[in-house]
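Working through the structure, step by step
Spelled out, the chains give:
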Amino acid sequence: MKKLGASLRSEFPVFSHNIRQCADGVVRPLCYLDSAVSTHKPQAVIDRVVAFMSRDYGSVHRGAYALSVRASEQYEAARARVARFIGASVSPGQVVFTRGTTESLNIVAHGLSETRLSSDKRIVITAIEHHANLVPWQQAALKTECEIAYIPLCGTAGKDLRLDLSAAARLISSNTAVVSLAHVGNVLGQVNPVAEIAAMARKVGALVVLDCAQSMTCFEENPFDWGVDAIAFSGHKLYGSTGVGVLVLSPNLLDELPPLLTGGGMISSVTLEESTWNTGTAKLEAGTPPIVEAIGLSTALDWLEEAGRARIHAHAATLAARFADELRVVSGIDVFYPGTGEETIVSFRHQTLHAHDLATILDGSNVAMRAGHHCAWPLVKILGVDALVRASFAAYSDGDDVEQAIEAIKAATFLLK
Amino acid sequence: MLQGSEINKETPNLGELYQEIIVEHSRRPRCKGRVEGCQFCLEGKNPLCGDNITLFCQLQPSAQPNALPRIKVNFEGSGCSISQASTSMMCEAVSNKTVAEAREQINKVEGIYTGRVGSKSEDDLEEDVEALHGVSKFPVRIKCAALPWKTLELLLNENFDDLGHQRPESLACKINEPCGNKTRKLKVISSE
């Protein structure tokens with residue numbers, strides 16, 4: 001079994017290429033605390049991508065020649081790998097490869113605006129969503145003139161960071177057509193009560209869409225067991241490459257949704273008078289799909305399962321809790337961390353130093369953290385701040401990252417005092 | 001672990017970015033405050049990071065009837081210290097200049113923060129804005145320094161012709177209208 005933490009970094013070439021002699025003359029390793037935005041890639045994934053492009057590359061489902069056949073086999077094997085990764089109830093025929101979570105969610109929001117949404121219907125999302133699970137629904141609401149409602153947090157200004165379930169029960173009304181939410185929040189890392197909210201949606205016959213971008217790396221539960229109809233996630237947050245995402249749909253919803261993109265590969269017939277769509281996942285995969293990236297993702301999932309998602313979760317959550325504890329005693333810092341022990345993310349800000357200045361100064365100590373609104377403007381506004389710095393922990397994070405980051409934060413606040 | 005690996009020594013010096021003059025301007029911004037009933041105003045944003053400023057530009061009364069107008073710029077806004085200090089320095093630097101002189105200043109300072117022109121040591125600076133040369137070593141922060149200058153350039157281009165005379169069709173006060181679906185309103189349901 002893989003040992004998590006610092007010893008795992010030997011599998012990630014990025015760490016040996018990014019050791020830096022800082023301006024104070026001290027040589028510091030890369031302290032990468034931005035895995036919630038994107039994880040680094042293990043050698044196994046890099047090797048698989050290089051091997052596939054070197055030996056077996058061809059376009060899928062189009063050529064009669066051997067390379068195309070081999071590429072198609074590996075691409076379809078990747079689809080099956082994703083299905084197994086999600087759970088036994090999921091078949092490869094439900095797995096659509098997209099360019100990422102954003103495209104996956106756009107397919108669903110756009111599709112439902114054609115099939116289910118109208119001026120007497122309602123979309124329910126939450127106030128904590130990433131823009132990827134917010135803007136497409138706003139667009140669908142504008143297009144169809146349906147209502148949109150946001151499940152709020154229990155408290156304001158960072159006091160109680162849980163979703164308000166009694167408000168959810170009021171908002172998920174009999175005219176609700178779809179409820180869409182993040183499994184894990186990308187700013188606060190809170191784990192949302194998906195099963196409870198899905199049950200409320202089920203009761204009124206609404207569909208449930210789950211943004212799993214932040215959760216797939218840590219949770220082994222099959223979201224379809226909670227009664228969801230669609231899940232979306234990205235490869236690059238799962239130790240795979242950018243450019244590939246996944247949309248998994250219940251068989252009924254896959255039949256129902258019209259394509260977002262049209263073109264080659266997704267048609268059944270084309271004449272000068274009309275075109276008809278292919279069935280199954282092909283309908284939603286117009287154009288040449290992310291072949292290399294999907295095959296790389298299948299190896300990333302092998303790697304992730306070998307490391308163990310539950311183990312990574314426990315490891316990263318322990319580090320986040322330790323980081324939050326140490327951060328709380330640094331003067332001038334406000335910490336936004338629910339503290340249930342499940343979060344692998346800690347957001348914070350300095351009372352006088354802007355988040356971008358702090359992040360630039362941390363980079364001077366070879367500490368990589370995200371600063372800004374984290375593509376979640378409404379939530380950041382609810383928290384009563386204009387920007388946050390966020391530390392997120394992953395399989396290769398360790399106690400030395402916590403120490404390096406805390407030391408750099410203390411030095412930064414001193415520098416601009 | 002650190003032995004035998006490649007060590008990157010090209011670390012930019014944070015002291016060059018956060019020069020005393022910049023830190024001082026960000027803490028004690030000049031020309032800050034909303035100007036009600038202002039002749040020309042324009043909002044500038046860096047949407048990805050949230051820096052946000054609004055420039056309020058007024059024409060100074062002129063002693064001679066045919067003289068080119070001179071401007072005075074104030075601002076309000078929030079964001080990182082580089083964007084706010086750059087705005088404060090700009091308002092100070094362009095005030096009481098003609099539109100043509102202000103455009104020249106915008107062009108000159110662009111050369112400073114992008115690194116197109118060489119830098120001076122902090123002791124040799126003739127103007128505060130020259131302290132922005134340190135930003136050029138931090139490519140991701142150039143947009144922070146550039147925000148007020150780009151916004152003023154746009155404001156001047158929209159309202160003044162090449163010679164610096166006010167355009168007849170000048171739209172007086174205008175807050176930037178971003179692209180987006182503005183014609184239809186969302187029906188947002190409250191949880192109350």
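Residues numbered from 1 in each chain as written. Chains lettered and ligands numbered in written order. Predicted model: local features only at pLDDT ≥ 70, side-chain atom pairs only at ≥ 80, totals over all residues. Heavy atoms only, no water.

This part covers the pairing of strand β17 (residues 388-392) of chain A. Residue and element names in this part refer to chain A. Of all five residues making up β17, five are buried, and the element is well covered by its neighbours. The alternating pattern of β17 places L388, R390 and S392 and V389 and A391 on opposite faces, both of which are buried. For strand β14 (residues 345-350) and β17, the ladder comprises four bridges, and the chain directions are antiparallel. By the bridge assignment, F348 is partnered in β17 with V389. (Buried < 20%, exposed > 50% of the residue type's maximum accessible area, 1.4 Å probe, protein only. Helix = DSSP H or I, 4+ residues; strand = E, 2+ residues; numbered from the N terminus. Pairing = 2+ DSSP bridges.)

Below, the discussion takes up the environment of P289(A). Tracing the backbone shows P289(A) in the loop between β12 (275-277) and α9 (291-307). Not counting the four nearest positions on each side in its chain, P289(A) is found in contact with V60(A) and Y75(A). (Contact = heavy atoms within 4.5 Å.)

Taken together, the contacts link 39 residues of chain A with 34 residues of chain B. Between chain A and chain B lies a buried interface of about 3100 Å² when both sides are counted; carbon and sulfur atoms form 61% of it. Contact with chain B buries area across many residues of chain A, yet I19(A), L142(A) and T360(A) alone supply 19% of it, more than any other trio. At the boundary of chain A with chain B, the tally comes to one salt bridge. Across the pair R141(B) and D357(A) runs a salt bridge, and its minimum N-O distance is 2.9 Å. (Buried area = accessible area lost by both parts, 1.4 Å probe. Salt bridge = Lys/Arg side-chain N within 4 Å of Asp/Glu carboxyl O.)

Moving on, we get to empty space enclosed by the protein. Residue and element names in this part refer to chain A. In total, this model carries one cavity of 30 Å³ or more according to the counting rule given. Put simply, the largest cavity is a space of about 180 Å³. As for the largest cavity, its lining consists of 23 residues, of which Q214, T217, C218, T344 and F393 are closest to the centre. Considered class by class, the residues forming the lining of the largest cavity number 12 nonpolar, eight polar and three charged. Here the lining of the largest cavity spans two domains, and each of domain 1 (6-32 + 308-415) and domain 2 (47-306) adds at least three residues to it. (1 Å grid on protein atoms, 1.4 Å probe; cavity = no way out; pocket = protein on both sides within 12 Å on 5 of 7 lines; lining within 4 Å. Points joined across faces, edges and corners; volume = space filled by probe spheres on them. Nonpolar A, V, L, I, M, F, W, Y, C, P; charged D, E, K, R; others polar. Domains from an automatic or database assignment.)

Here we come to the pattern of salt bridges. Scanning the entire structure with this criterion turns up 35 salt bridges over all chains. R99(A) is the partner of E103(A) in a salt bridge, and the nearest nitrogen-oxygen pair spans 3.9 Å. Owing to a relative accessible area of 15%, E103(A) belongs among the buried residues under this scheme. Under the relative-accessibility criterion, R99(A) is labelled partly exposed at 38%. Notably, a salt bridge pairs R34(B) with E36(B), separated by 3.3 Å at the nearest N-O pair. Of the residues examined, E36(B) reaches a relative accessible area of 63% and is grouped as exposed. Salt bridges sharing common partners tie together R81(A), D302(A), E305(A) and R309(A).

For the second largest pocket, the calculated volume is near 690 Å³. What lines the second largest pocket is a set of 26 residues, and nearest its centre among them are A359(A), T360(A), M369(A), V140(B) and R141(B). Looking at the lining of the second largest pocket, the elements that each hand over two or more residues are α11 (355-363), β15 (367-368) and β16 (370-372) of chain A together with α5 (142-159) of chain B. No other element matches the four residues that α11(A) contributes to the lining of the second largest pocket. Residues belonging to the lining of the second largest pocket are distributed by class as follows: 13 nonpolar, five polar and eight charged.

In a beta sheet, neighbouring strands pair by backbone hydrogen bonds and run either parallel or antiparallel. All names here are of chain A. Strand order in the open sheet formed by four strands is β13-β14-β17-β16, and the pairing between neighbours is antiparallel. The sheet terminates laterally at β13 (333-336) and β16, the two strands that pair on one side only. Across the sheet, the mean angle separating the axes of adjacent strands is 25° when strand polarity is ignored. Bridge analysis of β16 against β17 gives three bridges, and the strand direction is antiparallel. When the sheet's bridge partners are listed, G372 is paired in β17 with L388. Contacting β13, β14 and β17, helix α10 (residues 309-328) crosses the sheet at an angle of about 15° to β14. (Axes fitted to C-alpha atoms, helices over the stretch in contact; angles between N-to-C directions.)

With 86% of its residues at a pLDDT of 70 or more, chain B has an overall mean of 86. Of all the helices and strands in chain B, strand β1 (residues 7-8) of chain B carries the lowest mean pLDDT, 82, while helix α3 (residues 81-94) of chain B carries the highest, 96. (pLDDT = per-residue confidence, 0-100.)

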